[in-house]
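Each chain, letter by letter, is given below.
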Amino acid sequence: MTDAPTSPEAPSPARKRWPYFVPLIVIAAMFGIFGKRLLDVERGADPRLIPTVLLDTQVPAFELEGLPGRSDPRGLAATDLKGDVTLVNVWGSWCIACVQEHPTLLQIAKENKVAIHGIDWRDTPDRGLAWLKQRGDPYARVAQDPHGEAAIAFGVTAAPESFLVDKNGVIRFKQVGPITPEVWRDQIAPLIEQLRK
Amino acid sequence: MKLRYLIALAALTLTPAAQAVEPSEMLPDATLEARAREVSKALRCVQCQNETIDESNAEIAHDMRVLVRKRIVAGDSNQQVIDYMYSRYGDYVLLKPRFAANTIALWCAPLLLLIGGAFVLRQRLRDRPTAAPAPLSAEETAALAALDQTERRA
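Fair warning: this is a prediction, and the values are worked out from it, not measured in the lab.

### Description of the overall build of chain B
The helix and strand tally for chain B stands at six helices and zero strands. Along its sequence from the N terminus, chain B presents helices and strands in the succession α-α-α-α-α-α. For chain B, the C-alpha atoms occupy an extent of roughly 90 × 55 × 25 Å along the three principal directions. Per-residue burial for chain B yields a buried fraction of 27% across its 154 residues. Across chain B, contacts joining residues at least 24 apart in sequence account for 50% of those joining residues at least 6 apart. Entry remark: accessible area of chain B is about 10900 Å², with carbon and sulfur atoms responsible for 64%. Where the 19 positive side-chain charges of chain B centre and where its 18 negative ones centre are 3 Å apart.

Now the structure itself:
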């Protein structure tokens, strides 16, 4: 069926043309949004990063045993995280990035600015202890979390992760991945000063 | 012969979906275990990009499955277990996102697209030129009448 030109169709301005541009605009917007995300990832944003929902909330209730045989074999509980600013570090002897982070933690311990508590996640006490013996022990207390219940309560997805807890036991900062000297200097150390005021 | 096809078909369709639950994790009570499986299928493994904790072999998924079962045994409802994981990991952990301020676009987009599509379609149908077909010419009328006649005689 061909349209016979029965009546000369004048291009009426009333025929709206803008709807034809809608798909173009929508697609351009999608390209923009996805493109930005891709660029962010290219520049180092971690696509696996899950924004924490625990920021500015009370530390979860937990009570863990310590590592038997350590010089301080005490465990760690939520109640221990009150009174002063503390840094809670989730690690494991199996964790490769923790090896990379460790010198920074040792340095922080040496500066004696904040007590670091370790949660030895999905590990055995023997392996955790051996690891600390080999590389040095920056922790005030070390707790074992063999089944990861405390780690899940903290919303941990991968080691190392660290939480800065204020004197009221409220989580103020979360570091996913190793604490680097830069993160310590630029973010955590100033925040500790601020929280102690 | 038919049976052979049936068996082949059954093998293809009845294979269970991938699962990672280990026998040691399972609860002895079948009802509770079924509930745990259901909850696990609603929770996303936080270390993997798009697997449920029921399917994932990641260690943290294992820990989460064990915790789900522990809470169910302790008397939590399915929703309470999911709420707990949500309180720890936020939206990421839910495979079915909640309806909230930050997910409005997600939930409403299909409906908006449908409404938008219907609107565009209506516009196009309305704007379509509805020229009535030209009336028959005298020759055409005569030809039609002739045809009509032959048809009746037959």
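### Regarding the overall build of chain A
Scanning chain A from N- to C-terminus turns up five helices and seven strands. Starting at the N terminus and ending at the C terminus, chain A contains elements arranged as α-β-β-β-α-β-α-β-α-β-β-α. The globule rule puts the C-alpha radius of gyration for 197 residues at 16 Å, and the 27 Å found for chain A is more than 25% above it. Projected onto the principal axes, the alpha-carbon positions of chain A cover approximately 100 × 40 × 30 Å. Within the span of chain A, comprising 197 residues, buried residues form 43% of the whole. Expressed as a percentage of contacts within chain A between residues at least 6 apart in sequence, the contacts between residues at least 24 apart total 73%. In the form shown here, chain A has an accessible surface area of approximately 11500 Å², with 59% of it arising from carbon and sulfur atoms. Computing the positive centroid from 23 side-chain charges and the negative centroid from 24, chain A places the two 5 Å apart.

### Considerations on the interface of chain A and chain B
Each partner contributes to the interface: chain A provides 23 residues, whereas chain B provides 23 residues. Linking chain A with chain B are three salt bridges, by the criterion used here. One salt bridge in this structure joins aspartate 63 of chain B and arginine 122 of chain A, with 2.7 Å as the shortest N-O distance. For the pair chain A and chain B, the number of links is six residue pairs in polar contact (both at pLDDT 80 or more). Broken down by element, the residue count for the side of chain A that touches chain B peaks at four residues, all from helix 4 (residues 149-153) of chain A. Per-class residue counts for the side of chain A that touches chain B are 13 nonpolar, four polar and six charged.

### Here's the deal with the nonpolar core
Judged by nonpolar contacts, the single largest core of 70 residues is most densely connected at Phe62 and Leu164 of chain A together with Leu43, Met64, Val68 and Met85 of chain B. Tallying contributions element by element places helix 5 (residues 181-196) of chain A first for this core, with seven residues. Setting aside residues no more than four positions away along its own chain, leucine 164 of chain A makes contact with Val85, Thr86, Leu87, Val170, Ile171, Arg172, Phe173, Ile188, Leu191, Ile192 and Leu195 of chain A.

### Side note on the confidence of the model for chain A
When pLDDT is averaged across chain A, the result is 90; 92% of the residues are at 70 or more. Taken as a whole, residues 1-8 of chain A scores under 50 in pLDDT and shows zero contacts with residues more than four places along the chain or in a different chain.

### With respect to the environment of arginine 135 of chain A
Residue and element names in this part refer to chain A. You can see arginine 135 is positioned in helix 3 (residues 125-135). Overall, arginine 135 belongs to the partly exposed group, its relative accessible area being 31%. Apart from residues no more than four positions distant in its own chain, arginine 135 is found in contact with Val99, His102 and Leu106.

### With respect to the state of the cysteines
All names here are of chain B. On inspection of all chains with the given rule, the structure shows two disulfides over all chains. The disulfide partner of cysteine 45 is cysteine 48, and the S-S distance across this bridge is 2.2 Å. What sets the handedness of the cysteine 45 and cysteine 48 disulfide is the S-S torsion sign, and at about 60° it is right-handed. The pair formed by cysteine 45 and cysteine 48 is uniform in burial state, with each residue classed as buried.

### Examining the side chain of threonine 103 of chain B
Residues and elements named next belong to chain B. Looking at the secondary structure, you find threonine 103 in the loop between helix 4 (78-89) and helix 5 (104-127). Take threonine 103: its relative accessible area is 6%, and that puts it in the buried class. Here the side chain of threonine 103 touches arginine 98 through a polar contact of 2.5 Å, landing on its backbone oxygen. With residues up to four places along the chain from it excluded, the contact list for threonine 103 reads Pro97 and Arg98.

Quick notes on the rules
- Residues numbered from 1 in each chain as written.
- Chains lettered and ligands numbered in written order.
- Predicted model: local features only at pLDDT ≥ 70, side-chain atom pairs only at ≥ 80, totals over all residues.
- Heavy atoms only, no water.
- Helix = DSSP H or I, 4+ residues; strand = E, 2+ residues; numbered from the N terminus.
- Buried < 20%, exposed > 50% of the residue type's maximum accessible area, 1.4 Å probe, protein only.
- Contact = heavy atoms within 4.5 Å.
- Areas by Shrake-Rupley, 256 points an atom, 1.4 Å probe, with all protein chains shown as cover.
- Lys, Arg positive; Asp, Glu negative; His and termini not counted.
- Charge placed at Lys NZ, Arg CZ, Asp CG, Glu CD.
- Rg over C-alpha atoms; globule rule 2.2 N^0.38 Å.
- Salt bridge = Lys/Arg side-chain N within 4 Å of Asp/Glu carboxyl O.
- Polar contact = N/O pair within 3.5 Å; in protein donor to acceptor, adjacent residues only side chain to side chain.
- Nonpolar A, V, L, I, M, F, W, Y, C, P; charged D, E, K, R; others polar.
- Core = buried A, V, L, I, M, F, W, Y, C linked by side-chain atoms within 4.5 Å.
- pLDDT = per-residue confidence, 0-100.
- Disulfide = S-S within 2.5 Å.

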